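Listed below, chain by chain, are the residues.
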Amino acid sequence: MSMQFRSTRSNDSLVSFKDAILQCLPMDGGLYVPASVLDMRQYVLYMDTETSYPELVATVAPALLQGELNPFSAARAAESAFDFEPELKQLDDNFSVLTLCNGPTGVFKDYGIAFLAAVMEELLKNDQQAMILSAARQDTGVSIAHAFSQRKGMISAILYPSGPVRGLDPKSYITNGGNVIPIQIKGTFDDCQRLIIEAINDRPFAERYGITCANAINPGRLLPQVFYYFYAFIKLKKILKGELIFSVPTGNFGNLIAGLYAWKMGMPVNGFIAAMNANNAFGDYIRGKEFKPGKLIQTNSPALDVSVPSNYERLASFYKEAPAVMRNMVFPDTIDNDTTINAMEKAWKDYHILLDPHGAVAFAAARRLSQTAGFNGHVVVLATGHPAKHADLVMQATGQQIDIPEKFSNLWKKTDPMATISPQLDALEGAIASCC
Ligand SMILES: *Cc1c(COP(=O)(O)O)cnc(C)c1O
C-alpha cells in the first residue's frame, strides 16, 4: 500500500501522495504529514557503498509510493531530477560531512525541488495541467525555474517580494515559449506566501488552473530529503561502531523533520542535533517549554534566521505523539556568529574542507556534542550550502581564495519580472489569467 497523508489538524481524511502534492495544503489550515510511515529496512539495510544515488532513489521511491509510482516512472524521475548527487566524505572516526550543495543553486533545497518537479510530471496524467506557485527568497526561484522547466503540463509562477529579481533566464518566460511566470509582488516575502495560500484556498480558481505550490511546506519536497539520509547511512554503515548522529543546520526544520522520517522508516540512527543560530526559540520548545517565537535576529548564517518555523505543526506532531522519545532524539544547540567563523577555520585547518556558514553551524554543534563526556559515536554534518555563495566570509575565516563555479555566475544577474502587482489576491488572479 502506498503512503497516505493527513492534515496535522485532523485524522479524518486521508489523501494519496499525488493529491497531497497537487493540493500542497489541506483546507483546514494545517500541513500534510504521512498518516503512517512505511518500514524501509528491507531496502535501507541491504544497500551498500556501491549503490548510486539515482539507484537508491529508484529503489526507495516506488517502495514508498507503491500503487502510485511504478518502478519505471521512479527510475525516470530519479534520472531526470538528479544530474547532481550528494557526497559523503568521512573526515575521521568521529566526523563525516554530507555535502548537499552540488545542485544548480548550491543549496540542499535543490534536492527536494528537483524531485518534486520530476515526480509531478510522472504523476500528472497527460490531460492534466498544473500551475505551481512559489514564493521566492534568495535563489529558490532559480532552483524552481530550473526544476520545472520543460516539464509537460506544468507552468511555474514565481512570486517575488519587492527588490531585484535575479538569476532567471528570460528565454524561460512563458511569453518566450518557456513555462515560467515571474511576478513581482509590491510587498514582503510573507505577502507572497500569504497570497499563495489564498489562491490555493480559492477552490474554483485553484481547480481551473490546477494550482499547487512548490514551497517547502509541500510534502513532495520533504519526502525526497529522506533519500540523502539513507544515502549517508549506506555509505557509513560498515565503519560505524558507536552511535550515529546527524547535525542539521536548522531554520524552518524541514531538513530535520526529513531526518526524523528517515528514522521512522527504520534507518538506524541515535539522534539529530538541531543546530540553530541566535534564532533559537525552538530550543526551549524541544526542552519541554511552551513555544514562544523570539524577535528575528540577523546573523551570519542567514538561512537559519527564522522566528516561526514553517514546519512548526509538523514538528509538534512528533512531540505530541511521543515526548519521552523525542527528548532523546533531537538535541538543540545554539551557535553564535563567532563560533560559526571559528568552525569554518577549524574545518579548514584540521580537515581541509571549506564549509559555508550554515554547514559551519552544524559542524560547531557536532564538535560540541563529540566533546561531551562519554560520547562514543559518529556525527554526520550536513553541508547544506555552497561556500562560494558566502565567499567573503569563508575567505575571511579560512584565508583561502574561493573559486566561484561557472553555474553560479548567473545567479546574481538581475532580470525583469513579467508583471508587478499589488499584494492582493484579485491582482494575482488577474496576472495569472492574463498569462494563460
Ligand atoms: C534553507 C537552508 C537551511 C535551513 O533548512 P530548514 O529545512 O529550513 O531547517 C540550512 N542551510 C541552508 C544553506 C539553507 O538554504
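First things first, this report covers the structure right here in the doc. Because the structure is predicted, anything quoted here is derived from the model rather than measured.

**Points about the site of the ligand**
Right, so step 1: In the region of the ligand, 15 residues are neighbours, and Lys109, Gly251, Asn252, Phe253 and Thr384 sit closest.
Right, so step 2: The contact in question runs from an oxygen atom of the ligand to an N or O atom on the backbone of Asn252, over 2.8 Å.
Right, so step 3: Thr384 is positioned with one of its side-chain polar atoms (N or O) 2.7 Å from a nitrogen atom of the ligand.
Right, so step 4: Coverage of the ligand by the protein chains reaches 93% of its 380 Å² of free accessible surface.

**Looking at the environment of Ala35**
Right, so step 1: Counting through the fold element by element, Ala35 comes out in the loop between β3 (32-34) and α2 (41-44).
Right, so step 2: The spacing of Ala35 and Leu428 is 393 residues in sequence and 33 Å in space, taken between C-alpha atoms.
Right, so step 3: Here Ala35 is in contact with Gln4, Phe5, Arg6 and Leu14, once residues within four sequence places are set aside.

**Structural notes on helix α18 (residues 425-435)**
One turn of the α-helix equals 3.6 residues, which is why residues spaced by three or four share an orientation.
Right, so step 1: Among the residues of α18, Leu428, Glu429, Ala431 and Ile432 are the ones counted as buried. Along α18, the residues classed as buried sweep out an arc of 160 degrees about the axis, all on the same side. Across from the buried face of α18, at angles greater than 90 degrees, the exposed residues are Asp426 and Ser434.

**Some points on the pattern of salt bridges**
Right, so step 1: Within the structure shown, the criterion is met by 14 salt bridges.
Right, so step 2: Here Glu198 makes a salt bridge to Arg194, at a shortest N to O gap of 3.2 Å. Residue Glu198 and its partner Arg194 are located together in helix α7 (residues 189-201), separated by 4 residues, close to a single helical turn.
Right, so step 3: Overall, Glu198 belongs to the partly exposed group, its relative accessible area being 29%.
Right, so step 4: Residue classification places Arg194 among the partly exposed positions, given a relative accessible area of 32%.

**Observations concerning the nonpolar core**
Right, so step 1: In terms of nonpolar packing, the biggest core is built from 101 residues, with Leu64, Phe148, Tyr229, Phe230 and Phe246 touching the most fellow members.
Right, so step 2: For this core, the domains that each give at least three residues are domain 1 (85-107 + 222-405) and domain 2 (130-209 + 406-436).
Right, so step 3: Counting residues in each nonpolar core, the second largest holds 35 residues, with Ala366, Leu393, Val394 and Ala397 among its members.

**A look at the packing of aromatic side chains**
Right, so step 1: For the coordinates displayed, the defined rule picks out 26 aromatic pairs.
Right, so step 2: Ring centres of Tyr53 and Tyr231 lie 5.2 Å apart, and the angle between their planes is 90 degrees; on these two criteria the pair is classed as edge-to-face. You can see Tyr53 sitting in helix α3 (residues 53-64) and its partner Tyr231 sitting in helix α10 (residues 225-236), a full 178 residues away along the chain. Of the two residues, Tyr53 and Tyr231, both sit in the buried class.
Right, so step 3: Put simply, the rings of Tyr53, Phe82, Phe84, Tyr111, Phe115, Phe227, Tyr228, Tyr229, Tyr231, Phe246 and Phe272 touch in pairs and so form one group of aromatic residues.
Right, so step 4: The positively charged end of Arg137 is found above the aromatic ring belonging to Phe189, 3.8 Å away from the centroid.
Right, so step 5: Cation over ring: Lys389 sits above Phe408, and NZ or CZ is 5.7 Å from the ring centre.

Calculation criteria
Residues numbered from 1 in each chain as written. Predicted model: local features only at pLDDT ≥ 70, side-chain atom pairs only at ≥ 80, totals over all residues. Heavy atoms only, no water. Near = heavy atom within 4 Å. Polar contact = N/O pair within 3.5 Å; in protein donor to acceptor, adjacent residues only side chain to side chain. Areas by Shrake-Rupley, 256 points an atom, 1.4 Å probe, with all protein chains shown as cover. Helix = DSSP H or I, 4+ residues; strand = E, 2+ residues; numbered from the N terminus. Contact = heavy atoms within 4.5 Å. Buried < 20%, exposed > 50% of the residue type's maximum accessible area, 1.4 Å probe, protein only. Arc of directions from axis to C-beta. Salt bridge = Lys/Arg side-chain N within 4 Å of Asp/Glu carboxyl O. Core = buried A, V, L, I, M, F, W, Y, C linked by side-chain atoms within 4.5 Å. Domains from an automatic or database assignment. Phe/Tyr/Trp six-rings, centres within 6.5 Å; stacked < 30°, edge-to-face > 60°. Lys NZ or Arg CZ within 6 Å of the ring centre and 35° of its normal.

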